[in-house]
Amino acid sequence: MQKIEAVIQPSKLDAVKDALVEIGVSGMTILEARGHGRQKGHTEFYRGREYSVDLLPKVKLELVVSDEMLEKAIHAIITTARTGKIGDGKIFISKIDEAIRIRNDERGEIAL
Amino acid sequence: MRFSLLRPLLLLVALCCAPTVLLHAQTAATSVDRIANLEKQLADTQAATAAAQSAGDNAWMLVSAALVLMMSGPGLALFYGGLVRKKNILGTMMQTFAMMAVITVLWGLVTYSLAFGEGNAFIGGLHNVFLHGVGLAPDVKYAATIPLQTFMVYQLMFAIITPALITGAFAERMKFSAMLVFMILWAFLVYSPMAHMVWGKGGLLNASLGGRFPCLDFAGGTVVHVTSGVSALVTALYLGKRLGYPKVPMPPHSVVLSFIGACLLWVGWFGFNAGSALGAGTLATSAFVATHFGAAAAAIGWSVAEWLRQGKVSALGAISGAVAGLVGITPAAGFVTPMSALWIGLIVGVACYFMVVKVKSWFGYDDSLDAFGVHGAGGTIGAILTGIFASSTINPIFGAGKPTGVLEGNGHQLLNQIVGVAIAWSLSIVGTLIILFVVDKVIGLRVSEEAEREGLDLTQHGEEGYDWAS
C-alpha cells in the first residue's frame, strides 16, 4: 500500500477528485492548506502598507491506494491538476504498513 | 326727463336705507362677529401651518438622529471591526457600542447641560442636569421649530460617535475598563466644552449666537473630527505601538466588513450634515448635496493618488477616501456650493491619503486605524477650507449679502477658522494627556502582553467573533 499526498491548486480539486473516482479510488481525505514552493506568493497593499503574502491557499489530498493502483492514480492527478504554470503543486509518495477499518477491524488492502 | 327719473330712484334709495338704518345696531354686532370669526380662522390656519412645519422639521430631525446613531452602531463598528485582526473584532466593535450606552446615560445626567446649557463662553452650566427644563417646547435660540428634546437627542448622537472615533487609534491594545473611564472623562473634559464653545449659547466660537470668534462649523469639523482625531494621535503616542508593529504584518482581517461599514457611514452622514440644518428646509438640501459631492470627490482623489503610486485602486482606499471626504465636508456642508464641495472633497481626499500612507510611516506612530490621519487631518483641513469657500448665497449667517468666506472677500474668516482649529487642538491635546495620565496611574491603559497576543475578544470579553469549530 502507498500513501499519496498531493498538494494542488484549490480550483483543480473537483477535476482531480472526479478523475480519481473514475479510476476506482475508493476514498480520500481533503485538507484546506496554505503553503508555497517555488511560487513565492504575492504582495498586497492596505492603505499604502505593503504586505507580502507568501503562503497561498492550497488543497492537500491524502489517499492510500494499493501498489498496482499507484501509477494510475498519480497519472490521474498529474493530468487533471496540471496547468503548466508555477504553483501547480507537488505529489509525495510513501509506504504504508497497515490499514485498519475501525468499524469491523478489517486489515490490509481490503480496508482501503 | 332727468328729474322724473331721479325722483323714483331717490324714493327707492330712501326705502332701502330705512331698514338699514333701523338695523344698524344689529349689523354692527354681526360685523364684529364676522371679524372675530375671520381672526379665529386666520389664527387657526397659522397655528396649523406652524404645526405642519414643526411636524415636518421634527420628522426630519428624528430621522437624522437615527441616521447618526446608525453611523456608530453598525457603521463605525463595522468599518473599524474589519480593519483589525480577527482576534480583536468584538473588542473593537464593543468599544463603539459601549459609547452608545454610556455616553447616552451621561448625556441625560449631566453632559448635555455642560454642552448646551446656559453658561459662560467655555462651558455650559448645570441648569439642565437630569434633562431638567429639556421638554417638548422648542428652544428658539437653538431650533425654533423642533422640540428641545429632539435637539437634545440629535446632539447626543454626535456625542456618541465622537469618542467612538478615537478608538481607532488605540485599537487592539487598550483595556476595556480603562477605555470606559477614559471616554467618560473625555466627554466631560474635551467634548462638552468644545461643543459649548462652537454650538452652545454664548459659546466663544459660536457663529450664529454671537461668539467672540465666529468659527464656521456646520456639523462638527472641529467639535467632532478635530477633537477626536487629535485625541487619537495623543492616545496612540501615549500608549505606544502594538506588539510587533510595524514588523509583524497586521493587515485588515475583512475589508468586506469595512466596506459595508463605510457605506453605512456615507448614508448616515446625510443625517449628520443635512440634519445639522436643524430643520427640513432648503439649508438641509444644500448640506445634503454638498455632503454627497464632497464624499464622491474625495473617494476619487484618494483612489487616483493610490492608482498613480501603487498602480491599483483598492477597495479600502476608495472607502477611506470617501470617509475622509465626509470628514472634510462636515464643517463646510451648509455653507458651500456643490462645486466648492467637489474641491473640498478632492483636496481632503488626496491630503488624507498622504497623511495615512506617508506621514504616518515617517513619524512611526501606530495610529492603528488612522483616526488621526483621516479625522484629525481631514477635520483640520476641512475647517480651514470652510472659511475659504463659505458662501452667503448658501447660508447668510452674518446677514444677507454680507461676505462670509475668504473667496467672497471676508479674509478675516480664515483667522476665525484657525482660532477654532487651534482651540480644538489645544483642548484635545491637554485634556487627553491629563486623562491618559490619570487613567494610566489608577487602572493602567494597556492590556498585558499576553492578553494582547491572545486578542481582546477572549481576554476582555470572554468570547470570540468567529467560531470556526461550530
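Thresholds, definitions, all that
Residues numbered from 1 in each chain as written. Chains lettered and ligands numbered in written order. Predicted model: local features only at pLDDT ≥ 70, side-chain atom pairs only at ≥ 80, totals over all residues. Helix = DSSP H or I, 4+ residues; strand = E, 2+ residues; numbered from the N terminus. Rg over C-alpha atoms; globule rule 2.2 N^0.38 Å. Contact = placed C-beta atoms within 7 Å. Buried ≥ 20, exposed ≤ 12 C-beta atoms within 10 Å, placed from the backbone. Pairing = 2+ DSSP bridges. Axes fitted to C-alpha atoms, helices over the stretch in contact; angles between N-to-C directions. Expected span 1.5 Å × (residues − 1). Nonpolar A, V, L, I, M, F, W, Y, C, P; charged D, E, K, R; others polar. Parallel < 35°, antiparallel > 145°, perpendicular 65-115°, else oblique. Left-handed = near helix turned anticlockwise from the far one by under 90°.

**Student:** Honestly, the overall build of chain A in this entry has me stumped. Any pointers?
**Tutor:** Of the regular secondary structure elements, chain A holds two helices and six strands. Order of helices (α) and strands (β) in chain A, N terminus to C terminus: β-α-β-β-β-β-α-β. In terms of overall size, chain A is more extended than a compact globule, its C-alpha atoms giving a radius of gyration of 17 Å where 112 residues would be expected to give roughly 13 Å. Projected onto the principal axes, the alpha-carbon positions of chain A cover approximately 60 × 30 × 20 Å. Within chain A, counting contacts between residues at least 6 apart in sequence, those at least 24 apart form 72% of the total.

**Student:** Would you take a moment to explain the overall build of chain B for this structure?
**Tutor:** Along its length, chain B carries 14 helices and zero strands. What you see in chain B, going N to C, is helices and strands ordered as α-α-α-α-α-α-α-α-α-α-α-α-α-α. For 470 residues, the compact-globule estimate of 2.2 N^0.38 gives 23 Å, and the C-alpha radius of gyration of chain B, at 29 Å, exceeds that figure by more than 25%. Counting all 470 residues of chain B, 53% fall into the buried class. In chain B, 75% of the contacts between residues at least 6 apart in sequence involve partners at least 24 apart.

**Student:** What is the right way to read the sheet that holds strand 5 (residues 56-65) of chain A from this model?
**Tutor:** Each strand in a sheet pairs with another by means of backbone hydrogen bonds, the pair being arranged parallel or else antiparallel. All names here are of chain A. Strand order across the open sheet formed by four strands is 2-5-1-6, with antiparallel pairing between neighbours. Looking along the sheet, the strands with just one partner apiece sit at the ends: strand 2 (29-35) and strand 6 (89-95). Within this sheet the neighbouring strands show an average axis-to-axis angle of 20°, counted without direction. Across seven bridges, strand 2 lies against strand 5 in antiparallel orientation.

**Student:** Looking at this model, I keep getting lost on helix 11 (residues 371-389) of chain B. Mind explaining?
**Tutor:** The α-helix advances 3.6 residues per turn, and as a result positions three or four apart in sequence lie on the same side. When the terminal C-alpha atoms of helix 11 of chain B are compared, their 25 Å separation across 19 residues agrees well with the 27 Å that a helix rising 1.5 Å per residue should span. With 18 of 19 residues buried, helix 11 of chain B is to be regarded as a mostly interior element.

**Student:** Just to check I follow, could you spell out the interface of chain B and chain A for this structure?
**Tutor:** Interface size is commonly expressed as the accessible area that is lost once the parts come together. Taken together, the contact between chain B and chain A spans eleven residues of the former and six residues of the latter. Take the side of chain B that touches chain A: its biggest share by element is three residues, from helix 9 (residues 315-329) of chain B. Of the residues in the side of chain B that touches chain A, the class split is six nonpolar, four polar and one charged.

**Student:** Just checking my understanding: could you explain the packing of helix 8 (residues 282-310) of chain B against helix 9 of chain B for this structure?
**Tutor:** A pair of packed helices can be characterised by two numbers: the angle between their axes and the separation between those axes. All names here are of chain B. Two numbers describe how helix 8 lies on helix 9: the axes approach to 7 Å, and their chain directions differ by 135°. Judged by the angle between their axes, helix 8 and helix 9 are oblique. Seen along the crossing, helix 8 lies across helix 9 with a hand that is right-handed. Contacts between helix 8 and helix 9 involve Ala 290, Thr 291, Gly 294, Ala 295, Ala 297, Ala 298, Ala 299, Gly 301, Trp 302, Ser 303 and Glu 306 on the former and, on the latter, Gly 317, Ala 318, Ser 320, Gly 321, Ala 322, Ala 324, Gly 325, Leu 326, Gly 328 and Ile 329. Tallied by class, residues from the contact of helix 8 with helix 9 come to eleven nonpolar, nine polar and one charged.

**Student:** Sorry, what's going on with unusual backbone geometry here?
**Tutor:** Trans peptide bonds make up the majority, and among non-glycine residues the majority have a negative phi. All names here are of chain B. Of note, the amide linkage connecting Tyr 245 to Pro 246 takes the cis form, showing an omega dihedral of 5°. In this structure, Pro 246 sits in the loop between helix 6 (221-239) and helix 7 (255-273). Its identity as a non-glycine residue notwithstanding, Leu 278 has a phi of 60°, on the positive side. By secondary structure assignment, the location of Leu 278 is in the loop between helix 7 and helix 8.

**Student:** Would you take a moment to explain the pairing of strand 3 (residues 42-46) of chain A for this structure?
**Tutor:** When a strand is regular, its side chains alternate between the sheet's two faces. All names here are of chain A. Where strand 3 lies against strand 4 (residues 49-53), five bridges are found, and the strand directions are antiparallel. Within strand 4, the position partnered with His 42 by the bridge is Val 53. Counted along the chain from strand 3 to the antiparallel partner strand 4, the turn is two residues long, and its residue Arg 47 has a positive phi close to 50°.

**Student:** I'm lost on the pairing of strand 1 (residues 2-8) of chain A in this one. Help?
**Tutor:** All names here are of chain A. Judged from the seven bridges that link them, strand 1 and strand 5 form a sheet pairing that is antiparallel. Paired with Ala 6 across the strands is Leu 61, a residue of strand 5. Relative to strand 6, strand 1 is paired through seven bridges, and the arrangement is antiparallel. Counterpart to Ala 6 in the pairing with strand 6 is Ile 91.

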